[in-house]
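Chain by chain, the residues:
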Amino acid sequence: MPPPPAPRKTTGRPARISLEEIIRTARGIVSQDGVDRLTMRRLATEIGSTPMALYHHVRDKEELLLLLLDDYAARTLRRPDPPPTDPRDRVLTAATAIHEVLAACPWIVEVLTADDLMSTSALWFVEQIVAGLTESGLSLDEAVHGYRTIWYYTAGEIVVRAASARRRSADARPTYRDQIFADLDPADLPRLAEAAPRWAPLTAQDTYERGLRALLNGLLHDR
(Lines give C-alpha, C1' and ligand atoms only; values in the text may rest on other atoms or scores of the structure.)
Protein backbone atom coordinates (compact mmCIF):
# COMPACT_ATOMS: atom_id res chain seq x y z
CA MET A 1 0.00 0.00 0.00
CA PRO A 2 1.55 3.38 -0.99
CA PRO A 3 2.22 5.80 1.87
CA PRO A 4 -0.32 8.59 2.28
CA PRO A 5 0.63 11.81 0.56
CA ALA A 6 2.46 14.36 2.68
CA PRO A 7 0.23 17.21 3.80
CA ARG A 8 0.49 20.22 1.57
CA LYS A 9 2.05 23.34 3.02
CA THR A 10 -0.47 26.08 3.38
CA THR A 11 0.28 29.48 2.05
CA GLY A 12 -0.82 32.81 3.36
CA ARG A 13 0.26 35.43 5.81
CA PRO A 14 3.18 34.62 8.14
CA ALA A 15 2.44 34.11 11.81
CA ARG A 16 1.73 37.33 13.71
CA ILE A 17 4.72 38.58 15.66
CA SER A 18 4.94 40.87 18.66
CA LEU A 19 7.23 43.78 19.45
CA GLU A 20 8.43 41.87 22.51
CA GLU A 21 9.52 38.95 20.30
CA ILE A 22 11.32 41.34 17.95
CA ILE A 23 13.23 42.96 20.80
CA ARG A 24 14.09 39.62 22.42
CA THR A 25 15.43 38.17 19.16
CA ALA A 26 17.34 41.33 18.25
CA ARG A 27 18.91 41.38 21.70
CA GLY A 28 20.16 37.85 21.17
CA ILE A 29 21.73 38.75 17.83
CA VAL A 30 23.63 41.83 19.07
CA SER A 31 24.72 40.08 22.26
CA GLN A 32 26.19 37.19 20.29
CA ASP A 33 27.46 38.80 17.09
CA GLY A 34 27.41 42.59 17.57
CA VAL A 35 25.35 45.46 16.24
CA ASP A 36 26.79 45.24 12.72
CA ARG A 37 25.32 41.76 12.27
CA LEU A 38 21.82 42.92 13.14
CA THR A 39 19.82 43.41 9.96
CA MET A 40 16.10 43.45 9.40
CA ARG A 41 16.44 40.51 7.01
CA ARG A 42 18.35 38.36 9.51
CA LEU A 43 15.97 39.35 12.29
CA ALA A 44 12.98 38.33 10.19
CA THR A 45 14.60 35.01 9.31
CA GLU A 46 15.29 34.12 12.94
CA ILE A 47 11.76 35.05 13.97
CA GLY A 48 10.30 33.13 11.05
CA SER A 49 8.65 36.10 9.43
CA THR A 50 9.36 38.65 6.70
CA PRO A 51 11.16 42.02 6.81
CA MET A 52 7.91 43.68 5.75
CA ALA A 53 6.17 42.29 8.83
CA LEU A 54 8.85 43.84 11.05
CA TYR A 55 8.20 47.29 9.61
CA HIS A 56 4.72 47.19 11.09
CA HIS A 57 6.44 47.43 14.50
CA VAL A 58 9.69 49.33 13.90
CA ARG A 59 10.51 51.97 11.30
CA ASP A 60 14.13 50.97 10.71
CA LYS A 61 17.25 49.62 12.39
CA GLU A 62 17.91 52.88 14.23
CA GLU A 63 14.51 52.76 15.90
CA LEU A 64 15.12 49.10 16.73
CA LEU A 65 18.41 50.02 18.43
CA LEU A 66 16.61 52.70 20.43
CA LEU A 67 14.09 50.09 21.56
CA LEU A 68 16.92 47.74 22.52
CA LEU A 69 18.64 50.48 24.48
CA ASP A 70 15.42 51.35 26.31
CA ASP A 71 14.72 47.68 27.02
CA TYR A 72 18.20 47.21 28.47
CA ALA A 73 17.98 50.35 30.60
CA ALA A 74 14.53 49.40 31.89
CA ARG A 75 15.83 46.01 33.01
CA THR A 76 19.07 47.19 34.60
CA LEU A 77 18.84 50.82 35.80
CA ARG A 78 17.71 51.00 39.40
CA ARG A 79 16.76 54.23 41.14
CA PRO A 80 18.49 54.76 44.50
CA ASP A 81 16.08 54.43 47.38
CA PRO A 82 16.10 56.97 48.82
CA PRO A 83 17.95 59.29 46.40
CA PRO A 84 20.64 61.51 47.92
CA THR A 85 19.40 64.80 49.29
CA ASP A 86 22.59 66.74 48.57
CA PRO A 87 22.35 68.09 45.00
CA ARG A 88 25.99 67.33 44.13
CA ASP A 89 25.60 63.79 45.40
CA ARG A 90 22.46 63.40 43.28
CA VAL A 91 24.43 64.36 40.18
CA LEU A 92 27.29 62.00 41.04
CA THR A 93 24.97 59.10 41.90
CA ALA A 94 22.86 59.44 38.74
CA ALA A 95 25.82 59.79 36.37
CA THR A 96 27.66 56.89 37.99
CA ALA A 97 24.58 54.66 37.73
CA ILE A 98 24.25 55.40 34.01
CA HIS A 99 27.96 54.74 33.48
CA GLU A 100 27.99 51.42 35.34
CA VAL A 101 24.96 50.04 33.50
CA LEU A 102 26.09 51.06 30.03
CA ALA A 103 29.71 49.99 30.52
CA ALA A 104 28.56 46.50 31.54
CA CYS A 105 26.95 45.83 28.14
CA PRO A 106 29.55 45.70 25.32
CA TRP A 107 27.22 46.32 22.37
CA ILE A 108 25.85 49.49 23.95
CA VAL A 109 29.02 51.41 23.13
CA GLU A 110 28.41 50.91 19.42
CA VAL A 111 25.01 52.58 19.78
CA LEU A 112 26.17 55.45 21.98
CA THR A 113 28.06 57.18 19.19
CA ALA A 114 24.76 58.64 17.93
CA ASP A 115 24.14 62.02 19.57
CA ASP A 116 21.38 62.09 22.19
CA LEU A 117 20.73 58.36 21.91
CA MET A 118 19.37 58.11 25.44
CA SER A 119 16.79 55.65 26.70
CA THR A 120 13.47 56.97 27.98
CA SER A 121 13.96 54.65 30.95
CA ALA A 122 17.05 56.68 31.85
CA LEU A 123 15.27 60.04 31.84
CA TRP A 124 14.74 59.94 35.60
CA PHE A 125 18.53 59.88 35.99
CA VAL A 126 18.90 62.76 33.53
CA GLU A 127 16.35 64.66 35.61
CA GLN A 128 18.45 64.10 38.74
CA ILE A 129 21.53 65.51 37.02
CA VAL A 130 19.78 68.59 35.66
CA ALA A 131 17.91 69.20 38.92
CA GLY A 132 21.06 68.71 40.98
CA LEU A 133 22.93 71.25 38.86
CA THR A 134 20.15 73.85 39.13
CA GLU A 135 19.90 73.35 42.89
CA SER A 136 23.66 73.90 43.04
CA GLY A 137 23.30 77.36 41.50
CA LEU A 138 23.23 76.93 37.73
CA SER A 139 20.46 78.36 35.58
CA LEU A 140 18.33 75.81 33.75
CA ASP A 141 20.16 76.54 30.48
CA GLU A 142 23.52 76.12 32.19
CA ALA A 143 22.32 72.89 33.81
CA VAL A 144 21.33 71.44 30.44
CA HIS A 145 24.76 72.34 29.07
CA GLY A 146 26.29 70.82 32.19
CA TYR A 147 24.38 67.59 31.66
CA ARG A 148 25.59 67.45 28.07
CA THR A 149 29.18 67.86 29.25
CA ILE A 150 28.77 65.03 31.77
CA TRP A 151 27.10 62.85 29.12
CA TYR A 152 29.90 63.41 26.61
CA TYR A 153 32.45 62.51 29.27
CA THR A 154 30.51 59.40 30.30
CA ALA A 155 29.81 58.09 26.79
CA GLY A 156 33.32 58.95 25.58
CA GLU A 157 34.93 57.11 28.48
CA ILE A 158 32.89 54.00 27.74
CA VAL A 159 33.57 54.08 24.00
CA VAL A 160 37.33 54.57 24.37
CA ARG A 161 37.75 51.84 26.99
CA ALA A 162 35.61 49.35 25.06
CA ALA A 163 37.50 50.00 21.82
CA SER A 164 40.83 49.60 23.61
CA ALA A 165 39.76 46.33 25.25
CA ARG A 166 38.48 44.99 21.93
CA ARG A 167 41.73 45.92 20.20
CA ARG A 168 43.90 44.21 22.81
CA SER A 169 41.76 41.07 22.94
CA ALA A 170 42.00 40.67 19.19
CA ASP A 171 45.72 41.41 18.79
CA ALA A 172 48.42 40.84 21.40
CA ARG A 173 51.06 42.76 19.47
CA PRO A 174 52.27 46.13 20.86
CA THR A 175 50.06 49.01 19.80
CA TYR A 176 51.36 51.92 17.77
CA ARG A 177 51.33 54.00 20.94
CA ASP A 178 53.43 51.39 22.74
CA GLN A 179 56.02 51.48 19.98
CA ILE A 180 56.18 55.29 19.94
CA PHE A 181 56.36 55.61 23.73
CA ALA A 182 59.17 53.07 23.89
CA ASP A 183 61.47 55.46 22.03
CA LEU A 184 60.59 58.95 23.27
CA ASP A 185 63.34 61.56 23.42
CA PRO A 186 63.62 62.84 27.03
CA ALA A 187 65.19 66.05 25.80
CA ASP A 188 62.18 66.86 23.65
CA LEU A 189 59.36 65.27 25.68
CA PRO A 190 60.68 64.95 29.24
CA ARG A 191 57.40 64.34 31.08
CA LEU A 192 56.06 61.84 28.56
CA ALA A 193 59.38 59.99 28.53
CA GLU A 194 59.34 59.78 32.31
CA ALA A 195 55.77 58.46 32.37
CA ALA A 196 56.16 56.14 29.36
CA PRO A 197 57.01 52.94 31.29
CA ARG A 198 53.89 53.38 33.44
CA TRP A 199 51.61 54.90 30.78
CA ALA A 200 49.70 51.72 29.90
CA PRO A 201 48.84 50.65 33.47
CA LEU A 202 48.07 54.23 34.48
CA THR A 203 45.65 54.79 31.61
CA ALA A 204 44.06 51.38 32.24
CA GLN A 205 42.97 52.42 35.75
CA ASP A 206 39.29 53.15 36.32
CA THR A 207 39.28 56.88 37.04
CA TYR A 208 35.73 57.63 35.92
CA GLU A 209 34.43 58.75 39.31
CA ARG A 210 37.50 60.87 40.01
CA GLY A 211 37.15 62.56 36.63
CA LEU A 212 33.42 63.03 37.16
CA ARG A 213 34.03 64.78 40.49
CA ALA A 214 36.63 67.05 38.91
CA LEU A 215 34.26 67.83 36.06
CA LEU A 216 31.43 68.63 38.48
CA ASN A 217 33.72 70.87 40.53
CA GLY A 218 34.56 72.78 37.36
CA LEU A 219 30.91 73.13 36.33
CA LEU A 220 29.97 74.44 39.76
CA HIS A 221 33.06 76.61 40.30
CA ASP A 222 32.23 79.58 42.57
CA ARG A 223 28.66 78.31 43.07
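Residues numbered from 1 in each chain as written. Predicted model: local features only at pLDDT ≥ 70, side-chain atom pairs only at ≥ 80, totals over all residues. Heavy atoms only, no water.

1. Thoughts on the overall build of the protein chain
Here is step 1 of the chain: In terms of helices and strands, the protein chain carries 11 helices and zero strands.
Here is step 2 of the chain: Taken from the N to the C terminus, the helices and strands of the protein chain come in the order α-α-α-α-α-α-α-α-α-α-α.
Here is step 3 of the chain: Whereas a compact globule of 223 residues would reach a radius of gyration of roughly 17 Å, the protein chain reaches 24 Å, over 25% beyond that.
Here is step 4 of the chain: Dimensions of the protein chain, computed from the C-alpha atoms along their principal axes, are close to 95 × 50 × 25 Å. (Helix = DSSP H or I, 4+ residues; strand = E, 2+ residues; numbered from the N terminus. Rg over C-alpha atoms; globule rule 2.2 N^0.38 Å.)

2. Quick word on the environment of Asp222
Here is step 1 of the chain: Topologically, Asp222 is positioned in the segment after helix H11 (208–219).
Here is step 2 of the chain: Judged by relative accessible area, Asp222 falls into the exposed class, the value being 67%.
Here is step 3 of the chain: Distance from Asp222 to Gly137, taken between C-alpha atoms, is 9.3 Å for residues 85 residues apart in sequence. (Buried < 20%, exposed > 50% of the residue type's maximum accessible area, 1.4 Å probe, protein only.)

3. Details of the UniProt feature "DNA-binding region" (unreviewed entry) in the protein chain
Here is step 1 of the chain: With numbering aligned to this structure, UniProt lists the feature "DNA-binding region" (unreviewed entry) at residues 39–58.
Here is step 2 of the chain: Secondary structure over residues 39–58 splits into 60% helix and 0% strand, and the C-alpha atoms at its two ends are 12 Å apart. (UniProt positions renumbered as here; feature names shortened; annotations may be inferred.)

4. Here's the deal with the side chain of Glu157
Here is step 1 of the chain: Along the polypeptide, Glu157 turns up in helix H8 (residues 140–170).
Here is step 2 of the chain: Ignoring anything within four residues of it in the chain, the contact list for Glu157 reads His99, Asp206 and Tyr208. (Contact = heavy atoms within 4.5 Å.)

5. Topic: the UniProt feature "domain: HTH tetR-type" (unreviewed entry) in the protein chain
Here is step 1 of the chain: UniProt tags residues 16–76 as "domain: HTH tetR-type" (unreviewed entry).
Here is step 2 of the chain: Secondary structure content for residues 16–76 is 70% helix and 0% strand, while the C-alpha to C-alpha distance between its ends is 29 Å.

6. Brief notes about the confidence of the model for the protein chain
Here is step 1 of the chain: In this model, the protein chain carries a mean pLDDT of 86, and residues with pLDDT of at least 70 account for 90%.
Here is step 2 of the chain: Here helix H6 (residues 108–111) stands out as the least confident element of the protein chain, with mean pLDDT 72; H11 is the most confident, with 96.
Here is step 3 of the chain: Every residue in residues 4–12 is under pLDDT 50, and counting partners more than four places away or in other chains gives zero contacts. (pLDDT = per-residue confidence, 0-100.)

7. Concerning the environment of Leu189
Here is step 1 of the chain: Note on placement: Leu189 falls in the loop between helix H9 (176–181) and helix H10 (190–204).
Here is step 2 of the chain: On a C-alpha basis, the gap between Leu189 and Tyr153 in space is 27 Å, while along the polypeptide they are 36 residues apart.

8. A closer look at the pattern of salt bridges
Here is step 1 of the chain: Counted according to the given criterion, the structure contains 11 salt bridges.
Here is step 2 of the chain: For Arg75, the salt bridge goes to Asp71, with nearest N and O atoms at 3.1 Å. With Arg75 and Asp71 both in helix H4 (residues 61–76), this residue pair falls four residues apart, about one helical turn.
Here is step 3 of the chain: Between Glu157 and Arg161 there is a salt bridge, with the nearest N and O atoms lying 2.5 Å from each other. Here Glu157 and its partner Arg161 are both found in helix H8, four residues apart, which amounts to about one turn of the helix.
Here is step 4 of the chain: Its relative accessible area of 12% is what places Glu157 among the buried residues.
Here is step 5 of the chain: Using a relative accessible area of 29% as the deciding quantity, one classes Arg161 as partly exposed.
Here is step 6 of the chain: Because the salt bridges share partners, they merge into one network encompassing Arg27, Asp71 and Arg75. (Salt bridge = Lys/Arg side-chain N within 4 Å of Asp/Glu carboxyl O.)

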